[in-house]
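Chains, contacts and geometry: an overview
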Amino acid sequence: MSLTDAATARSTTPTSHPVRIATIGAGRIGSHHAEVVARHVPGATLVAVSDPVEESAQRLAAALGAPFVTTTVDDVLTADDVDAVLITAPARSHTDLVVAAAAAGKHVFVEKPMAVTLEDADRAIAAAADAGIVLQVGFNRRFAPGFAAARAAIDAQKVGTPQLLRSLTRDPGPYTADPARVPQWTIFLETLIHDFDTLCFLNPGARPVRVHAIADALIRPDAKKAGHLDTAVVTVQFDNGAIATADASFSALYGYDVRAEVFGSGGMVTAGNGRSTDMTYYGPDGLHADTARRDTDLLHSAYVGELTAFFDAVRGGTPAVVTGQDARTALSIALACIRSVETGSAVDLDR
Ligand SMILES: NC(=O)c1ccc[n+]([C@@H]2O[C@H](COP(=O)([O-])OP(=O)(O)OC[C@H]3O[C@@H](n4cnc5c(N)ncnc54)[C@H](O)[C@@H]3O)[C@@H](O)[C@H]2O)c1
């Protein structure tokens with residue numbers, strides 16, 4: 001039985017009380033997830049906040065009324081009154097935290113990327129399967145209403161056989177981060193990984209087989225020699241013949257923008273339009289639409305949706321809807337992109 005099969009076959013124990021949540025990481029996205037738990041979803045309660053920076057943990061817990069604060073992850077993993085953890089620490093700590101949480105019997109929601117090597121992805125999947133816990137990965141775009149509707153249209157055969165797909169991410173500019181503090185390959189491992197998952201989500205059942213990536217430092221060319229990349233285009237070929245492109249930029253001056261398109265033998269679907277509301281202002285200077293500056297604004301309902309699905313899985317003892325295997329597939333594309341940039345050639349994915 002494959003690891004995925006094992007994870008699916010093993011049912012978890014349903015719970016009747018609200019799911020008691022601890023956050024591991026009280027930074028930008030951890031704070032937003034904690035607020036979603038505390039204020040926007042029924043059936044879950046925030047009981048603990050953990051972050052090595054005590055001030056961050058204290059501030060978040062105080063704002064949301066969480067009773068327990070700690071700088072030590074072990075404190076939440078050994079606490080009897082914690083059912084599940086949200087892992088929102090930096091990317092390279094995710095796998096070890098997933099494995100430790102699973103060993104402690106805690107259900108896990110982990111932000112992307114779940115791992116940055118395939119060996120670590122397998123380690124996380126195996127740990128979750130062995131422990132029989134729910135392991136869900138933070139591919140929130142699947143829960144954005146337009147993206148979910150696009151998938152429903154594809155499932156209803158309205159698009160026919162997917163032939164051309166695209167997915168893009170434009171982070172809001174201007175770009176103010178210090179490139180020296182951004183880990184190498186972030187554009188593939190942390191940004192485009194959303195697009196790789198979106199392409200797989202919108203081409204259900206198909207397997208990515210070949211990847212070609214081009215990347216450059218167009219926003220901070222001065223940092224390119226040190227390995228900085230802030231702009232990329234990727235092509236992905238699938239085993240059902242579909243050809244996909246994904247692209248990303250770290251600096252869209254008009255705001256945060258994520259979109260997708262699937263063109264098939266029977267029609268086309270698009271999702272996302274970069275607009276924060278559907279209001280259009282008509283005035284003497286023409287038409288004006290508002291955009292969002294932050295992912296947590298543009299995709300707020302998607303963040304609520306993914307955590308609601310996680311809590312439903314924990315409460316119902318059902319499998320996660322976005323799995324460790326989904327994370328592994330998206331990661332395999334990201335790692336192929338890195339090899340492609342290094343070699344200048346297309347890269348075949350292993351089966
Ligand atoms: N799905 C999404 O839309 C989305 C959006 C933003 C970030 N993310 C992902 O979430 C993760 C965190 O991103 P962020 O922007 O919140 O980063 P951040 O730097 O704002 O926050 C990280 C926090 O984790 C804490 N931390 C560091 N090591 C820790 C450990 N071992 N245990 C617990 N806490 C620890 C830090 O002190 C910090 O408070 C990244 O992997 C990122 O890619 C996902």
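Our structure's up above, just so we're on the same page.
A brief report on the enclosed structure follows. (Residues numbered from 1 in each chain as written. Predicted model: local features only at pLDDT ≥ 70, side-chain atom pairs only at ≥ 80, totals over all residues. Heavy atoms only, no water.)

**Observations regarding the site of the ligand**
What counts is decided by this rule: Only a single heavy atom is needed: when it lies within 4 Å of a molecule or strand, its residue is near that molecule or strand. Each polar contact in these results corresponds to two N or O atoms within 3.5 Å; when the atoms are within protein, one needs to be able to donate a hydrogen and the other to accept it, and residues that are neighboring in sequence are counted only if both atoms are side-chain atoms. Computed by Shrake-Rupley with a 1.4 Å probe, the accessible areas treat only the displayed protein chains as cover when residues are assessed. Helix and strand definitions follow DSSP, with helices as H or I runs of at least four residues and strands as E runs of at least two, each counted in order from the N terminus. By the convention adopted, Pro, Cys, Tyr, Trp, Phe, Met, Ile, Leu, Val and Ala count as nonpolar, Lys, Arg, Asp and Glu as charged, and the other residues, Gly among them, as polar.
Around the ligand, the surrounding shell holds 23 residues, and the nearest of these are Ile29, Asp51, Lys112, Glu190 and Tyr303. Here an oxygen atom of the ligand sits 2.9 Å away from a polar atom, N or O, in the main chain of Arg28. With respect to the ligand, the side chain of Glu190 contributes an N or O atom lying 2.7 Å from an oxygen atom. When the ligand is considered free in solution it has 860 Å² of accessible area, and contact with the protein chains removes 77% of it. Of all elements in the fold, only helix 2 (28-40) and helix 8 (186-201) reach the threshold of two or more residues within the shell around the ligand. Partitioned by chemical class, the residues of the shell around the ligand number 10 nonpolar, 7 polar and 6 charged.

**Regarding the packing of helix 5 (residues 94-103) against helix 6 (residues 118-131)**
The line we're drawing: Only the stretch in contact is used when a helix axis is fitted, and all axes are lines through C-alpha atoms; the angle between N-to-C directions ranges over 0 to 180 degrees. Just so you know how the angles are binned, under 35 degrees is roughly parallel, over 145 roughly antiparallel, 65 to 115 roughly perpendicular, and the rest oblique. By convention the crossing between two helices is left-handed if the near helix lies anticlockwise of the far one by an angle smaller than a right angle, and right-handed if it lies clockwise. What makes two residues a contact is simply this: any of their non-hydrogen atoms within 4.5 Å.
Across the interface, helix 5 lies against helix 6 with an axial gap of 9 Å and an inter-helix angle of 15 degrees. With respect to helix 6, the axis of helix 5 lies roughly parallel. In this structure, the crossing between helix 5 and helix 6 has a hand that is left-handed. Contact residues: helix 5 offers Thr95, Asp96, Val98, Val99 and Ala102, while helix 6 offers Asp120, Arg123, Ala124, Ala127, Ala128 and Ala131. Here the residues of the contact of helix 5 with helix 6 are counted per class, giving 7 nonpolar, 1 polar and 3 charged.

**Considerations on the environment of Asp295**
Selection rule: Buried, partly exposed and exposed residues are distinguished by accessible area as a fraction of the type maximum, computed with a 1.4 Å probe on protein chains only: under 20%, between the cut-offs, and over 50%, respectively.
Position of Asp295 relative to the elements: it lies in helix 9 (residues 295-298). Asp295 gets classed as buried once you look at its relative accessible area, which sits at 13%. Look past the residues within four positions of Asp295 in its chain and what remains in contact with it is Arg28, Tyr256, His300 and Tyr303. In this structure the side chain of Asp295 is engaged in a polar contact, spanning 2.9 Å, whose partner is the side chain of Arg28.

**Here we look at a nonpolar patch on the surface**
Here is the rule: Like-charged residues are merged into a patch within 9 Å and nonpolar side chains (Val, Leu, Ile, Met, Phe, Trp, Tyr) within 5 Å, provided each residue has over 30% relative accessible area and no salt bridge. Salt bridge criterion: a side-chain nitrogen from Lys or Arg within 4 Å of a carboxyl oxygen from Asp or Glu.
There is a patch of nonpolar side chains on the surface, built from Leu164, Ile243, Phe263 and Met268 and spanning about 370 Å² of accessible area. Along the chain, Ile243 turns up in strand 10 (residues 243-252). Using a relative accessible area of 43% as the deciding quantity, one classes Ile243 as partly exposed.

**Concerning helix 7 (residues 145-155)**
Stated formally: Picture the helix axis, draw a direction to every C-beta atom, and the arc is the one those directions span.
Looking only at helix 7, the buried set comprises Phe147, Ala150, Ala153 and Ile154. Each buried residue of helix 7 lies within a common arc of 120 degrees when the element is viewed along its axis, so the set occupies one face.

**Quick notes on unusual backbone geometry**
The phi angle of most residues is negative, glycine excepted, and most peptide bonds adopt the trans form. In this structure, the amide linkage connecting Lys112 to the following residue, Pro113, adopts the cis form with an omega of -10 degrees. On the secondary structure map, Pro113 appears in the loop between strand 5 (107-110) and helix 6. In the segment running from Gly173 into Pro174, the intervening peptide bond is cis, with an omega of 0 degrees. In this structure, Pro174 sits in the loop between strand 7 (162-172) and helix 8. Despite not being glycine, Gln157 has its phi angle at roughly 65 degrees, a positive value. Among the secondary structure elements, Gln157 is positioned in the loop between helix 7 and strand 7. Exposure remark for Gln157: the relative accessible area of 59% places this residue in the exposed category. Even without glycine at this site, Trp185 takes up a positive phi of about 70 degrees. Tracing the backbone through its elements, the reader meets Trp185 in the loop between strand 7 and helix 8. What makes Trp185 buried here is its relative accessible area of 17%.

**Here we look at the side chain of Thr191**
In this fold, Thr191 is placed in helix 8. Residue contacts for Thr191: discarding those within four places in its chain leaves Thr169, Asp171, Thr186, Ala248 and Phe250.

**Comments concerning the packing of helix 8 against helix 11 (residues 324-343)**
Helix-helix packing is described using two parameters, namely the angle between the two axes and the distance between the axes. Taken N-terminus to C-terminus, the directions of helix 8 and helix 11 make an angle of 120 degrees; their axes are 8 Å apart at the nearest point. In terms of their interaxial angle, helix 8 and helix 11 are classed as oblique. The chirality of how helix 8 crosses helix 11 is right-handed. In contact with Phe188, Leu189, Ile193, Phe196, Asp197 and Cys200 of helix 8, helix 11 contributes Asp326, Thr329, Ala330, Leu331, Ile333, Ala334, Leu335, Cys337, Ile338 and Val341. Residue composition of the contact of helix 8 with helix 11, by class: 13 nonpolar, 1 polar and 2 charged.

These figures capture arrangement, not role.
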